[in-house]
Amino acid sequence: VIFYQIPFALSIAAGTRIAWYIGAASETAAKKSTYAVLYAATFIGLFNCGFMLTFRHSLASLYTEDNAVIELAAKVLIVGSIYQINDCLSCATAGVLRGQGRQMIGGIVNLIGYYLIALPFAYTLAFIFQFGLLGLWFGMIIALIFVSFTQTFLSFLVIGKKSLMIVLKKQS
């Protein structure tokens, strides 16, 4: 939860900033803000990934002294650290889509990603292929890659003047 707070704040700021620029009909500023948010989200995700990867044993030992549990948690935190990159990107692009007034797209993409992709993959990997806890996380990562890449692609569909004007017309 702590690792999600910075990307979430970035997402809220991005939504507000991009909506303001779209309302002002400033295509260039909206485009620059979108790129800045995506670069910042990628940097934050990489930082979170590196931090979790580096300190995975220390983080696990905050909650238990049992070495078996620490080792299992350290293995899961490797996967969890990889999860951070796309999680930050997904969160930031959701803010971009909200700023563009297209929050419904983010909702649909998340619904497809987590219910139609994550659940079947997580179940299959965890229980059929016997990956256990790691299989559940791999299912989530597969879904999150879909969500973050799809939302990133859809965020850039509005960056032209013609598309910007369509968004403005839909909002009025």
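Residues numbered from 1 in each chain as written. Predicted model: local features only at pLDDT ≥ 70, side-chain atom pairs only at ≥ 80, totals over all residues. Heavy atoms only, no water.

Visitor: So what exactly am I meant to see when it comes to the overall build of the protein here?
Guide: Along the backbone of the protein there are seven helices and zero strands. Start at the N end of the protein and walk to the C end: the helices and strands fall as α-α-α-α-α-α-α. Principal-axis analysis of the C-alpha atoms places the extent of the protein at approximately 60 × 30 × 20 Å. For the protein, the share of sequence-separated contacts (at least 6 apart) that also reach a separation of at least 24 residues comes to 76%. Surface summary for the protein: the accessible area is close to 9900 Å², and the carbon and sulfur share equals 72%. With 11 positive and 5 negative side-chain charges, the protein shows a separation of 28 Å between the mean positions of the two kinds. (Helix = DSSP H or I, 4+ residues; strand = E, 2+ residues; numbered from the N terminus. Contact = heavy atoms within 4.5 Å. Areas by Shrake-Rupley, 256 points an atom, 1.4 Å probe, with all protein chains shown as cover. Lys, Arg positive; Asp, Glu negative; His and termini not counted. Charge placed at Lys NZ, Arg CZ, Asp CG, Glu CD.)

Visitor: I tried to follow the confidence of the model for the protein on my own but got confused; where do I start?
Guide: Low pLDDT marks regions whose predicted coordinates should not be analysed in detail. In the predicted model, the protein carries a mean pLDDT of 92, and the fraction of residues at 70 or more is 91%. When pLDDT is averaged over each element of the protein, helix H5 (residues 103-128) comes out on top at 97 and helix H7 (residues 161-171) at the bottom at 61. (pLDDT = per-residue confidence, 0-100.)

Visitor: Hey, could you run me through the environment of Leu53 in this one?
Guide: Checked against the element boundaries, Leu53 lands in helix H2 (residues 27-54). Taking the C-alpha atoms as reference points, Leu53 and Ser81, 28 residues apart in sequence, are found 5.9 Å from one another. Contacts of Leu53, omitting those with residues within four sequence positions, involve Ile78 and Ser81.

Visitor: Even after reading the chapter, I still don't get the environment of Asn67, so can you show me in this structure?
Guide: Note on placement: Asn67 falls in helix H4 (residues 67-99). When its relative accessible area of 59% is taken as the criterion, Asn67 is described as exposed. (Buried < 20%, exposed > 50% of the residue type's maximum accessible area, 1.4 Å probe, protein only.)

Visitor: I tried to follow the packing of H5 against helix H6 (residues 133-156) on my own but got confused; where do I start?
Guide: Axis angle and axis distance: for two packed helices, these are the angle between their axes and the distance between the axes, and together they describe the pair. Look at H5 against H6: their axes get within 7 Å of each other, and the N-to-C directions meet at 155°. In terms of orientation, H5 and H6 fall into the roughly antiparallel class. Handedness of the crossing formed by H5 with H6: right-handed. The class makeup of the residues in the contact of H5 with H6 is 20 nonpolar, seven polar and no charged. (Axes fitted to C-alpha atoms, helices over the stretch in contact; angles between N-to-C directions. Parallel < 35°, antiparallel > 145°, perpendicular 65-115°, else oblique. Left-handed = near helix turned anticlockwise from the far one by under 90°. Nonpolar A, V, L, I, M, F, W, Y, C, P; charged D, E, K, R; others polar.)

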